[in-house]
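# Observations on the model geometry
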Amino acid sequence: MNVQIQQLYTIARKTERRIIGLMSGTSLDGLDVALCRLSGSGPDTTVLLERFATVPYDEELKAEIRTIFAKREIEFEQLCLLNPYIGRLHGQLILDCLALWGLQPADIDIIASHGQTVYHAPKRQHGRAKFPNATLQIGDGDHVAATTGIITISDFRQKHIALGGEGAPLAVYGDYFMFSARGEHRILLNMGGIANFTYLPANQDAGTVFTTDTGPGNTLLDAYARRVLGKPYDEGGQLASRGNVNTELLNALKDNPFFGTSFPKTTGPEVFNTSYVEKAQAASQTTAVAPADLMATLVQFSADTIADAVGQLMQSGESYVVYLSGGGAHNPALTTAIQTLLPNCLFKRTDELGIDGDAKEAVLFAVLANECLVGGTTSFGDRQGVPTVSMGKISFPG
Ligand SMILES: Nc1ncnc2c1ncn2[C@@H]1O[C@H](COP(=O)(O)OP(=O)(O)OP(=O)(O)O)[C@@H](O)[C@H]1O
Ligand SMILES: CC(=O)N[C@H]1[C@@H]2OC[C@@H](O2)[C@@H](O)[C@@H]1O[C@H](C)C(=O)O
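Residues numbered from 1 in each chain as written. Chains lettered and ligands numbered in written order. Predicted model: local features only at pLDDT ≥ 70, side-chain atom pairs only at ≥ 80, totals over all residues. Heavy atoms only, no water.

The number of helices and strands found in the protein chain is 15 helices and twelve strands. Its C-alpha radius of gyration of 20 Å places the protein chain within 12% of the 21 Å reference for a compact globule of 398 residues. Judged by the C-alpha coordinates and their principal axes, the protein chain covers about 70 × 50 × 45 Å. With 398 residues in all, the protein chain has 56% of them scored as buried. Within the structure as shown, the protein chain displays about 16,900 Å² of accessible surface, and the carbon and sulfur contribution to it stands at 49%. For the protein chain, the distance from the average site of its 31 positive side-chain charges to the average site of its 41 negative ones is 3 Å. (Helix = DSSP H or I, 4+ residues; strand = E, 2+ residues; numbered from the N terminus. Rg over C-alpha atoms; globule rule 2.2 N^0.38 Å. Buried < 20%, exposed > 50% of the residue type's maximum accessible area, 1.4 Å probe, protein only. Areas by Shrake-Rupley, 256 points an atom, 1.4 Å probe, with all protein chains shown as cover. Lys, Arg positive; Asp, Glu negative; His and termini not counted. Charge placed at Lys NZ, Arg CZ, Asp CG, Glu CD.)

Structure follows, in structure tokens:
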């Protein structure tokens, strides 16, 4: 037997595994590195988040990625070069984290690497009948494995698509395994560049667990923070809180078929970008709107579309607890607007469930890698968006 297969087999038979989950999301702020200790699988999974770091991307790297990010037309060579480059870079950033934490690569069983999404194209969005749902993450796992010497599981989204999903949101699996609780209807609301949520019913029925993207989270706020403030984001929602919502622009922003489409659905910065806002401004004759008012309106746009989506699943007479995660949870302008729109929900953070909200998506990939090794059997019923599936591709270091 190939010695690396033997090693994988040994890891799969352990009662507890140390897995590093990686996420680099649509905000391009950096690489989230979550060192987790996992045991069990499926609903019996237990996760201890041992260490967490966000390694910021420098401006040069962000600029390199932006040349191909969420664009219909790109320089193909740049895509080809960035694929191994990001894999090696992520590998090196893990080695840096391990050194900082006083650990060796040999202390880690598996790396779970999401990679960098560069394009997301669900069928509803690309509209080309003969083509399926599609998504592309780069930073190939072979390079992560070879750089670190650690077996790497990566490219989780393709199997989800192969079995009928849109390749996202995958959070539903981790949310159900880690956070489902009898007696409490839970909504796990993650606000990254794009916002999504998982609904976990109080009866813990996997067949009615529910997940969807809702539309923009921070992506438009960040785009205008860069443009207006020259900063990566509107710290603490300060600019937004000085402005007033422009109703004409808000209505124009909401005028998109995505919001009327039934759940589950996914989207990305391919749709929600500065030209989307500029078109809405032109349509509503609000091109002269002041920067603070524009920011306030974009916050309200995210909040309204998030609250509207969450509100659609809530049944009257039932109570729901919303657990916030992702960078948007640090923006009081956004969180206050959402809480105002959902007055009957109790709001908490996933930190209260033992997982740092900034680490949650990276932890998710550690959970998915664990499922790839020892789980993959939990049935979520025969439903769109949550196939029963074991995801990820295995890369050996040598
Ligand atoms: N203090 C803060 N004030 C305002 N916004 C903040 C703050 N901290 C983080 N953010 C927002 O959170 C963003 C990063 O969020 P996160 O890392 O969850 O996104 P992501 O994982 O890249 O996105 P996605 O989940 O869509 O892939 C920042 O770009 C910024 O918009
Ligand atoms: C294609 C892609 O990378 N989608 C991301 C993105 O960021 C948030 C939202 O859009 C979500 O659907 C997804 O990531 C999380 C981790 C998910 O799959 O649950």
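Now that the structure is up, let's keep going.
For the rest of this paragraph, the subject is the domain arrangement of the protein chain. The assigned domain composition of the protein chain is domain 1 (3-170 + 357-395) and domain 2 (179-353). Here domain 1 packs against domain 2, burying approximately 2,200 Å² in sum over the two surfaces, 51% of which is carbon and sulfur. Run the count over domain 1 and domain 2 and you get zero salt bridges. Taken together, the links from domain 1 to domain 2 amount to ten residue pairs in polar contact (both at pLDDT 80 or more). (Domains from an automatic or database assignment. Buried area = accessible area lost by both parts, 1.4 Å probe. Salt bridge = Lys/Arg side-chain N within 4 Å of Asp/Glu carboxyl O. Polar contact = N/O pair within 3.5 Å; in protein donor to acceptor, adjacent residues only side chain to side chain.)

Turning next to the packing of aromatic side chains. For the coordinates displayed, the defined rule picks out 15 aromatic pairs. Between Phe259 and Phe301 the ring centres are 5.6 Å apart and the planes differ by 75°, which places this aromatic pair in the edge-to-face class. Here the residue Phe259 occupies a position in helix α11 (residues 257-260), and Phe301 occupies one in helix α13 (residues 291-313), the gap between them amounting to 42 residues. Accessibility assignment for this pair places Phe259 and Phe301 in one class, buried. Geometrically, the ring pair formed by Tyr276 and Phe301 is stacked, given 6.2 Å between the ring centres and 10° between the ring planes. Of this pair, Tyr276 sits in helix α12 (residues 274-283) while Phe301 sits in helix α13, and the two are 25 residues apart along the sequence. Just as Tyr276 is buried, Phe301 falls in that class too. Through successive ring pairs, a cluster of aromatic residues spans Phe258, Phe259, Phe272, Tyr276 and Phe301. Stacked on the ring of Phe258, the Lys or Arg Lys265 has its end atom at 4.8 Å from the ring centre. (Phe/Tyr/Trp six-rings, centres within 6.5 Å; stacked < 30°, edge-to-face > 60°. Lys NZ or Arg CZ within 6 Å of the ring centre and 35° of its normal.)

In this section: the side chain of Thr198. Examined against the element boundaries, Thr198 turns out to sit in strand β8 (residues 194-200). Looking at Thr198, its side chain comes within polar contact range of the side chain of Asp175, at 2.7 Å. Leaving out residues up to four positions away in the same chain, Thr198 has contacts with Ala171, Val172, Asp175, Arg186, Ile187, Leu188, Val209, Phe210 and Thr211. (Contact = heavy atoms within 4.5 Å.)

Let's shift gears to the site of ligand 1. The immediate surroundings of ligand 1 are formed by 21 residues, with Thr26, Ser27, Asp222, Gly236 and Gly327 found nearest. Residue Thr26 places a side-chain N or O atom 2.6 Å away from an oxygen atom belonging to ligand 1. Residue Glu235 places a side-chain N or O atom 3.3 Å away from a nitrogen atom belonging to ligand 1. Burial of ligand 1 by the protein amounts to 89% of the accessible area it has alone, namely 650 Å². Counting contributing residues, the shell around ligand 1 receives three or more from each of domain 1 (3-170 + 357-395) and domain 2 (179-353). (Near = heavy atom within 4 Å.)

Further remarks concern the site of ligand 2. Close to ligand 2 lie 15 residues; Thr117, Arg157, Leu170, Ala171 and Asp213 are nearest. The contact in question runs from an oxygen atom of ligand 2 to an N or O atom on the side chain of Thr117, over 2.6 Å. Between ligand 2 and Arg157 there is a distance of 2.7 Å, counted from an oxygen atom to a side-chain nitrogen or oxygen. Surface burial for ligand 2 is 98%, taken as the share of its 430 Å² of free accessible area covered by protein chains. Where the shell around ligand 2 is concerned, the elements lending two or more residues are β4 (110-121) and β8. Residue contributions to the shell around ligand 2 peak at three residues, all from β4. Residues belonging to the shell around ligand 2 are distributed by class as follows: six nonpolar, six polar and three charged. The residue makeup of the shell around ligand 2 includes at least three contributed by each of domain 1 (3-170 + 357-395) and domain 2 (179-353). (Nonpolar A, V, L, I, M, F, W, Y, C, P; charged D, E, K, R; others polar.)

Geometry of a packed helix pair, given as the angle between the helix axes and the separation of the axes. Where helix α2 (residues 59-66) contacts helix α3 (residues 76-100), the axes come no closer than 10 Å and their chain directions differ by 140°. Here α2 lies oblique to α3, going by the angle between them. Crossing angle aside, the handedness with which α2 passes α3 is left-handed. In this structure, α2 contributes Leu61, Glu64 and Ile65 to the contact, and α3 contributes Gln78, Leu82, Tyr85, Ile86 and Leu89. (Axes fitted to C-alpha atoms, helices over the stretch in contact; angles between N-to-C directions. Parallel < 35°, antiparallel > 145°, perpendicular 65-115°, else oblique. Left-handed = near helix turned anticlockwise from the far one by under 90°.)

Time to look at the sheet that holds strand β7 (residues 185-191). A sheet is described by the order of its strands in space; here five strands give the open sequence β9-β8-β7-β10-β11, paired in mixed fashion. Every other strand in the sheet has two partners, leaving β9 (210-216) and β11 (346-349) as the edge strands with one partner each. Shown here is a sheet whose adjacent strand axes are inclined to one another by a mean of 25°, direction ignored. Judged from the six bridges that link them, β7 and strand β10 (residues 320-325) form a sheet pairing that is parallel. Considered in β10, the bridge of Asn190 is made with Ser325. Sheet strands touched by α13: β7, β8, β9 and β10. Its angle to β9, the strand with the most contacts, is close to 160°. (Pairing = 2+ DSSP bridges.)

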